[in-house]
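# Report on the structure
Here is what each chain is made of, one letter per residue.
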Amino acid sequence: MSDCIFCKIVKGEIPAKKLYEDDEIIAFWDIDPQAPKHFLVVPKKHLAAVAALEEGDERLAGRMLRLGARLAAEHGVGDFRVIFNNGPMAGQEVFHLHMHILGGRQLHGLG
Ligand code: AMP
Ligand code: ZN
């Protein structure tokens, strides 16, 4: 997707503060953090949202979760929140699948 901001980060066309990268996943700090520790775990392949996951993507989705937990621990975040926004009504603004990990402060409610 040539006009997708996260595809551009994956390709290195836009800078990001990366925590992690391998052949299928990249993780970087959110540019507008909503908590002291707020990063995004993003598959390199373009999928619009959770609803676009297909048969065969189970391993990728599971890896995103495990990686998010591991990176949180590596950055001293014991308790954290995992968020996937799916669609505009849910607050999704970037239409390339991403998992938010937020921590480092007391979190309340779900907004
Ligand atoms: P969502 O509302 O779930 O689509 O979340 C999109 C997230 O991407 C927001 O938290 C933004 O702050 C974040 N974001 C947008 N552009 C960038 C960027 N260039 N680098 C890092 N995070 C970004
Ligand atoms: Zn994309």
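Below you will find a few notes about this structure. Note that the structure is a prediction, hence the values are computed from the model and not measured.

This part covers helix α2 (residues 58-74). Side chains that are three or four residues apart share a direction in an α-helix, a result of its 3.6 residues per turn. The end-to-end C-alpha distance of α2, which contains 17 residues, comes to 24 Å, matching closely the 24 Å that a straight helix rising 1.5 Å per residue would cover. Among the residues making up α2, those that are buried are L60, M64, L67, G68, L71 and A72. For α2, the arc enclosing every buried residue in end-on projection is 130°, short of the 170-degree limit, so these residues lie on one face. In α2, those exposed residues whose orientation departs by more than 90 degrees from the buried face are E58, R59, R66 and A73. On its buried face, α2 is in contact with β1 (18-21), β2 (25-29), β3 (37-43), β4 (80-83) and β5 (99-103). Once α2 ends, the next one or two residues include G76, with phi positive near 75°.

Donor atoms from the polypeptide that coordinate the zinc ion (ligand 2) comprise C4 (SG), C7 (SG), H46 (ND1) and H96 (ND1), at 2.0 to 2.3 Å from the metal. One can describe the donor arrangement at the zinc ion (ligand 2) as tetrahedral, given that its four donor atoms subtend angles of 105 to 116° at the metal. Mapping the donors of the zinc ion (ligand 2) onto the primary sequence gives the spacing C-x2-C-x38-H-x49-H. Of the two residues, C7 sits in helix α1 (residues 5-11) while H96 sits in the loop between β4 and β5, which places them 89 residues apart along the sequence. When sorted by exposure, C7 lands in the same class as H96, which is buried.

Now for the packing of aromatic side chains. According to the stated counting rule, one finds two aromatic pairs in the structure shown. Geometrically, the ring pair formed by F6 and F28 is edge-to-face, given 5.3 Å between the ring centres and 80° between the ring planes. With F6 in helix α1 and F28 in strand β2, this residue pair connects regions lying 22 residues apart in the sequence. F28 carries the same exposure label as F6, and that label is buried. Considering the side-chain rings of W29 and F39, the 5.6 Å spacing of their centres and the 85° angle between planes classify their relative orientation as edge-to-face. Of the two residues, W29 sits in strand β2 while F39 sits in strand β3, which places them 10 residues apart along the sequence.

Right, let's get into the pairing of β3. Most of β3 is tucked away, with six of its seven residues classed as buried. Here five bridges tie β2 to β3, and the two strands are oriented antiparallel to one another. Of the residues in β3, the one forming a bridge with F28 is L40.

Lining the immediate surroundings of ligand 1 are 16 residues, of which D30, G91, E93, H98 and H100 lie closest. Take I31: an N or O atom from its main chain is 3.2 Å from a nitrogen atom of ligand 1. In this structure, H98 approaches ligand 1 through a side-chain N or O atom, which is 2.7 Å from an oxygen atom. More than half of the atoms of ligand 1 fall within 2 Å of the grid points belonging to the largest pocket. Broken down by element, the residue count for the shell around ligand 1 peaks at three residues, all from α1. Residue composition of the shell around ligand 1, by class: eight nonpolar, five polar and three charged.

Criteria and cut-off values
Residues numbered from 1 in each chain as written. Chains lettered and ligands numbered in written order. Predicted model: local features only at pLDDT ≥ 70, side-chain atom pairs only at ≥ 80, totals over all residues. Heavy atoms only, no water. Helix = DSSP H or I, 4+ residues; strand = E, 2+ residues; numbered from the N terminus. Expected span 1.5 Å × (residues − 1). Buried < 20%, exposed > 50% of the residue type's maximum accessible area, 1.4 Å probe, protein only. Arc of directions from axis to C-beta. Contact = heavy atoms within 4.5 Å. Donors = N, O, S within 2.8 Å, 3.2 Å for Na, K, Ca; no water. Tetrahedral: all angles 85-135°; square planar, octahedral: opposite > 155°, others 65-115°. Phe/Tyr/Trp six-rings, centres within 6.5 Å; stacked < 30°, edge-to-face > 60°. Pairing = 2+ DSSP bridges. Near = heavy atom within 4 Å. Polar contact = N/O pair within 3.5 Å; in protein donor to acceptor, adjacent residues only side chain to side chain. 1 Å grid on protein atoms, 1.4 Å probe; cavity = no way out; pocket = protein on both sides within 12 Å on 5 of 7 lines; lining within 4 Å. Sits in = over half its atoms within 2 Å of the grid points. Nonpolar A, V, L, I, M, F, W, Y, C, P; charged D, E, K, R; others polar.

Interpretation in functional terms is not warranted from these geometric data alone.
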